[in-house]
Amino acid sequence: MRKFLYWFIQLTWGLPLNLIGAAIAFVLLCRGYKLKTFGYAVYFEVARNWGGVNFGGFFFVQKNANTQLKSHEYGHGFQNLLLGPLMPFLVTIPSAVRYHHRNYLKAKGYSLPPYEQFWCEGWATRLGIKYYKG
Ligand SMILES: [Zn+2]
């Protein structure tokens, strides 16, 4: 029942990001990538050393991602349940911009504040810990 509710809300209130997630998942399935599950979510492992990205009930992480990373991306999925259509503007886009900005600063040799310091990142980690029962 909880899984049903999770996906029901993902595919209604949280639909925008899930459409993108489903489109990426479709392309990856066509290319022979394996769909895996984590809690109620589905995910794929793609490429190396880049981290992860969440699109609602779907997330995508680097190959051999550890549980901590998967739990964090899973946590973003719960943010999508709460924020719905606001999620791309409050979390996904700011996080993506920050991710690339941090890589740029790192390449320039700057030291960076902790990743979790950004409000939605620490929140995602806490949600992942709260909702993922290994
Ligand atoms: Zn994140």
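One can find the structure itself at the top, above this paragraph.
Reading the values: the criteria
- Residues numbered from 1 in each chain as written.
- Predicted model: local features only at pLDDT ≥ 70, side-chain atom pairs only at ≥ 80, totals over all residues.
- Heavy atoms only, no water.
- Helix = DSSP H or I, 4+ residues; strand = E, 2+ residues; numbered from the N terminus.
- Buried < 20%, exposed > 50% of the residue type's maximum accessible area, 1.4 Å probe, protein only.
- Polar contact = N/O pair within 3.5 Å; in protein donor to acceptor, adjacent residues only side chain to side chain.
- Contact = heavy atoms within 4.5 Å.
- Donors = N, O, S within 2.8 Å, 3.2 Å for Na, K, Ca; no water.
- Pairing = 2+ DSSP bridges.

Q: How would you summarise the side chain of Gln62 if you had to cite specific residues and measurements?
A: In this fold, Gln62 is placed in the loop between strand 4 (58-61) and helix 3 (67-83). Assessed through its relative accessible area of 18%, Gln62 is described here as buried. Separated by 2.8 Å, the side chain of Gln62 and the backbone nitrogen of Trp50 make a polar contact. Excluding residues that lie within four positions of it along the chain, Gln62 makes contacts with Glu45, Val46, Ala47, Arg48, Asn49, Trp50, Gly51 and Leu69.

Q: Outline the coordination of the zinc ion, listing residues and values.
A: For a metal with four tetrahedral donors the ideal donor-metal-donor angle is 109.5 degrees, whereas six octahedral donors ideally subtend 90 or 180 degrees. Here the zinc ion is held by the protein donor atoms His72 (NE2), His76 (NE2) and Glu121 (OE), which lie 1.9 to 2.0 Å from it. When the donor residues of the zinc ion are listed from N- to C-terminus, their spacing reads H-x3-H-x44-E. One end of the pair, His76, is in helix 3; the other, Glu121, is in helix 5 (residues 119-131), and 45 residues separate them in sequence. The exposure class assigned to His76 is buried, which follows from its relative accessible area of 6%. Looking at Glu121, the relative accessible area reads 1%, which means it is buried.

Q: Which residues make up the pairing of strand 2 (residues 41-45), and what values go with them?
A: By the criterion of burial, strand 2 is predominantly enclosed, with 5 of the 5 residues buried. The side-chain alternation of strand 2 yields two buried faces, one formed by Ala41, Tyr43 and Glu45 and the other by Val42 and Phe44. As paired elements, strand 1 (residues 36-38) and strand 2 share 3 bridges and run antiparallel to each other. Residue pairing across strands places Phe38 opposite Ala41, the latter belonging to strand 2. Across 4 bridges, the pairing between strand 2 and strand 4 is parallel. What sits directly across from Phe44, in strand 4, is Phe60.

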